[in-house]
Amino acid sequence: MSLDAMRRRLPIVDALPPSRSRRTLPLAPGEMHRPRLAVWEFTLACDQRCLHCGPRSAHRRPNELTTDEALRLVRELADLGVGEVVLIGGEAYLRDDFILVIRAIREAGMACGVTTGGYNLTRARADAMVEAGVQSVSVSIDGLAPAHDHVRGRPQSWERALAALRHVKAAGARPSCNTQVNQRSRHDLLALADVLGEVGVRAWQLQITVAHGAAADHPDLILQPYMMLELEPVLDRLLGRCDELGIAVYPANNLGYFGPLEHRLRRRVGGFFRGCNAGKESIGIESDGAIKNCPTLGGPANVGGDWREHGLAAIWERAPEIRYIGRRTLDDLWGYCRECYYADTCMAGCTAAAEPLLGRPGNNPFCFHRAAELARQGLRERVENVAPSSGQGFDNGLFRLILEPLGAAPGAPPLAVTEPRVSRLVEPHGPGRPVDLAAFTAAQEAARAAPVAPSPAATPDPP
């Protein structure tokens, strides 16, 4: 059914109800966490081929939720207490029924946003989203044109992303932006702020590229841990410039941690990092109904179950994969993070940054505080890719962590090497033992060589 036909199916209303928020109150004794934010991969179909795409989006999954199923899931999200739903992809707009789901989300009293690469976000699509009730649309822009187009794998991606922001603003929604900070885009942040200010962006999320999915095949994109110290003064200037431009900066969970900028960076989200909230205050949904603890992770260690089989509430309340983050203890930390002053609060930062890199969470080198403390000792850390990915969505390779003198010359012998660890599927708790790299590599290469089941035809790029 076409977009126009879907628009004709939207009920005519005088107004939509006020939406809830992501805000949570302290838990009562014995009360369990409820998700306030749901991030929903509405389809895996995509019109770009991004080098850092976690699910390796391209074609629709063969068994994506139908429109009726999606509308039932919206009702279950509301019943569970979700305050905000963000539709992502792939590209949500490549399924024309996404506007029916937007309307259902808003009619259920939840806030609704869309995160998009914007390559084919036309004015007609923007108008349809706003008519349906979308409140904010975040367009992904990874640096200036050369860096962005390189990563996005399509010509003119940068220009089209900016056009998408203009369409969103003209249609009446709040245009915002999200940017992955990597080895290419990190030099563009200050100049990009001025561009975003000119097109009317008022909210900007920054996050680092993590080593999963397609990014696992492009380790040259991943920031080195010692680069966190180089990034900090850039962010200092960026925060000042964004204040002048009226752009509110929001750090994602994988950026920061207890450096000199922590309070300024997180002044709008509580003032300091309080640990990973995956499976506590947020939930991820894949387009086939898989329910997971973190929108950025996937696979059997993080997927709690199939919505079609179990329903949302049962998975949220009882699946051990969903509950994992909330049940971790200090004994699940390892390496530098286990002895860190902030260990109790931070719990090794973002699970989605650490787990794909080193095989399991609990030791996260992408940390301002950690980089600064090592630098005071004349030391730095870098990561080195030692095992390939499998080529599947949300997969990862493996990296080792190398400790060396600050400013070490290439090829200099390391002071210490931390090898990656076995996954939580092998050892669910604790620091884990070092992984057998030969066996891991063999399994990954076998997965790459295995025949792939035929996929549905790719959704064609719209005009």
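Procedures and definitions
- Starting afresh in each chain, residues are numbered from 1 along the sequence in its written order.
- For a predicted model such as this one, the threshold for reporting local features is a pLDDT of at least 70, and the threshold for listing and counting side-chain atom pairs is 80 or more; totals across whole chains, interfaces and linings nevertheless cover every residue.
- Each side-chain value is derived from all of the structure's non-hydrogen atoms; neither hydrogens nor water enter the calculation.
- Ring pairs shown here join Phe, Tyr and Trp side chains whose ring centres sit within 6.5 Å, with only the six-membered ring taken for Trp; geometry is labelled stacked below 30 degrees between planes, edge-to-face above 60, and tilted in between.
- Three exposure classes are used, based on accessible area relative to the maximum for each residue type with a 1.4 Å probe and protein chains only: buried under 20%, partly exposed in between, and exposed over 50%.
- Helix and strand assignments follow DSSP, with helices taken as H or I runs no shorter than four residues and strands as E runs no shorter than two, numbered in order from the N terminus.
- Look at NZ for Lys and CZ for Arg. If either is within 6 Å of the ring centre and within 35 degrees of the ring normal, a charge sits over the ring.
- In what follows, residue pairs with any heavy atoms lying within 4.5 Å of each other are defined as contacts.
- Criterion used throughout: strands pair if DSSP finds at least two bridges between them.
- Axes here mean lines fitted to C-alpha atoms, for a helix over just the part in contact, with angles spanning 0 to 180 degrees between N-to-C directions.
- A 3.5 Å cut-off defines polar contacts: any pair of N or O atoms within that distance qualifies, except that in protein one atom must be a possible hydrogen donor and the other a possible acceptor, and neighbouring residues in sequence count only when both atoms are side-chain atoms.
- The nonpolar core is taken to be a set of buried Ala, Val, Leu, Ile, Met, Phe, Trp, Tyr and Cys residues, with the residues joined through side-chain atoms within 4.5 Å.
- Positive charges come from Lys and Arg, negative ones from Asp and Glu, while His and the chain ends are left out of the count.
- Each reported salt bridge corresponds to a side-chain nitrogen of Lys or Arg within 4 Å of a carboxyl oxygen of Asp or Glu.

Requested: an account of the packing of aromatic side chains, with residues and values cited.
Any pair of aromatic rings gets described here by the distance separating the centres and the angle formed by the planes. Taken as a whole and judged by the stated rule, the model has 5 aromatic pairs. Note on W40 and F42: the rings are 5.7 Å apart at their centroids and 75° apart in plane angle, and the pair reads as edge-to-face. For the pair formed by W40 and F42, the shared burial category is buried. Look at Y257 and F273: their rings are 4.7 Å apart centre to centre, the planes differ by 55°, and that puts the pair in the tilted class. Taken together, the positions of Y257 in the loop between β7 (248-251) and α9 (262-265) and F273 in the loop between α9 and β8 (282-285) put the pair 16 residues apart, joining distant regions of the chain. F273 matches Y257 in its accessibility class, with the two residues each being buried. Taken together, F258, F272, Y341 and Y342 form an aromatic cluster joined through their ring pairs. The aromatic ring of F42 is capped on one face by R95, whose charged end is 4.4 Å from the ring centroid. Note that R274 overlies the ring of F272, its terminal NZ or CZ placed 3.9 Å from the centroid.

Can you break down unusual backbone geometry residue by residue, with the values?
Cis geometry is found at the peptide bond from G89 to G90, where omega equals 15°. Within the element layout of this structure, G90 appears in the loop between β2 (84-88) and α3 (98-107). Unusually for a residue other than glycine, Q156 sits at a positive phi of about 60°. For Q156, the location among the structural elements is in the loop between α5 (145-152) and α6 (157-171). Backbone geometry places F394, a non-glycine residue, at a positive phi of 55°.

How would you summarise the environment of V199 if you had to cite specific residues and measurements?
Its location among the elements puts V199 in the loop between α7 (189-198) and β6 (203-208). Look at V199 and you get buried, because its relative accessible area is 7%. Put simply, V199 and L165 are 34 residues apart on the chain and 7.0 Å apart in space, counted from C-alpha to C-alpha. Once residues within four sequence positions are removed from consideration, V199 is found in contact with L165, R166 and K169.

Would you mind going over the sheet that holds strand β12 (residues 398-405) in detail, with residue names and values included?
As summarised here, the arrangement of the 3 strands in space is β11-β12-β13, forming an open sheet in which the pairing is antiparallel. Across the chains shown, the open sheet's two edge strands, defined by having one partner strand only, are β11 (379-387) and β13 (416-418). Shown here is a sheet whose adjacent strand axes are inclined to one another by a mean of 25°, direction ignored. Summarising the sheet, β11 and β12 pair through 8 bridges and their orientation is antiparallel.

Help me get a handle on the side chain of R61, residues and values and all.
The topology assignment puts R61 in the loop between β1 (37-41) and α2 (67-80). For R61, a relative accessible area of 17% puts it in the buried group. Among the polar contacts made by the side chain of R61, one reaches the side chain of E286 at a distance of 3.5 Å.

Tell me about the nonpolar core, and please be specific about residues and values.
Counting residues in hydrophobic clusters, the biggest one holds 110 residues, and the most contacted among them are W40, L77, I141 and W204. The biggest single contributor to this core is helix α8 (residues 227-245), with 8 residues. The contacts of I141, once residues within four sequence positions are left out, are H148, W158, A161, L162, L165, C177, N178, T179, L192 and L196.

Please provide a residue-by-residue account of the pairing of β12, values included.
By the criterion of burial, β12 is predominantly enclosed, with 6 of the 8 residues buried. Bridge count between β12 and β13: 3 bridges; the pairing is antiparallel. Opposite L401, over in β13, you have T418 as the bridge partner.

So what's going on with the sheet that holds β7? Which residues, and what values?
In spatial order, the strands read β7-β6-β5-β4-β3-β2-β1-β8-β9-β10; together these 10 strands make up an open sheet with mixed pairing. The sheet is open, and its two borders are formed by β7 and β10 (303-306), each paired with just one other strand. For this sheet, the mean inter-axis angle between neighbouring strands, taken without regard to orientation, is 25°. Two strands pair when backbone bridges link them, and β6 and β7 are joined in this way by 4 bridges, in the parallel orientation. Residue Q205 lies in a different strand from β7, and its bridge partner there is Y250.

Any chance you could break down the side chain of R360 for me, citing the residues and the numbers?
As for its placement among the helices and strands, R360 is situated in the loop between α15 (351-358) and α16 (368-376). Put simply, R360 is tucked away with no salt bridge, and the nearest opposite charge, on E427, sits 5.0 Å away. In this structure the side chain of R360 is engaged in a polar contact, spanning 3.4 Å, whose partner is the backbone oxygen of S423. Within polar-contact distance, the side chain of R360 engages the backbone oxygen of E427 at 2.8 Å.

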